[in-house]
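Structural characterization, general
So you can see what is in the structure, the chains are spelled out below.
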Amino acid sequence: MICEIARKLEDDDLERIQSLENDLGLTIVAFSCRSLDPEREEKLQKMMEEFGPQLEAPPAQPDDLQLGRIREAEKQLGLTLVAVSQ
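Quick caveat, the model's predicted, so the values are computed rather than measured.

**Section: unusual backbone geometry**
The backbone of Lys-8 shows a phi angle near 55°, a positive value even though the residue is not glycine. With respect to the element layout, Lys-8 can be found in the loop between β1 (2–5) and α1 (11–24).

**Remarks on the sheet that holds β1**
On the basis of which strands lie adjacent, the open sheet formed by three strands has the order β1-β2-β3 and antiparallel pairing. A single partner strand is all that each edge strand has here, and the edge strands are β1 and β3 (80–84). Ignoring which end each strand starts from, the neighbouring axes of this sheet average 35° apart. The strands touched by α1 are β2 (27–34) and β3; relative to β2, the strand with the most contacts, the crossing angle is about 140°. Contacts between helix α3 (residues 64–77) and the sheet are confined to β2 and β3, with β3 contributing the most and set at about 145° to the helix.

What counts, and at which threshold
Residues numbered from 1 in each chain as written. Predicted model: local features only at pLDDT ≥ 70, side-chain atom pairs only at ≥ 80, totals over all residues. Heavy atoms only, no water. Helix = DSSP H or I, 4+ residues; strand = E, 2+ residues; numbered from the N terminus. Pairing = 2+ DSSP bridges. Axes fitted to C-alpha atoms, helices over the stretch in contact; angles between N-to-C directions. Contact = heavy atoms within 4.5 Å.

What follows is the structure, given as structure tokens:
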């Protein structure tokens, strides 16, 4: 599976994420993920290891309520949302 920072978000989706950030007091990064065939994924993984981490932000520690709201938004938006510390 490959994930990249979500681009070309619809205005409504972006507003939803920003509203969630404000409500929870967390910074959220949205990722778009997709599966690749195993051979391609292995090649991509090797390339990514050469580049090093692409996002260097420590993860936030959301409580259970915050995590539940993030998961709900993920399902509705079809994205992977990661709460990070600034």
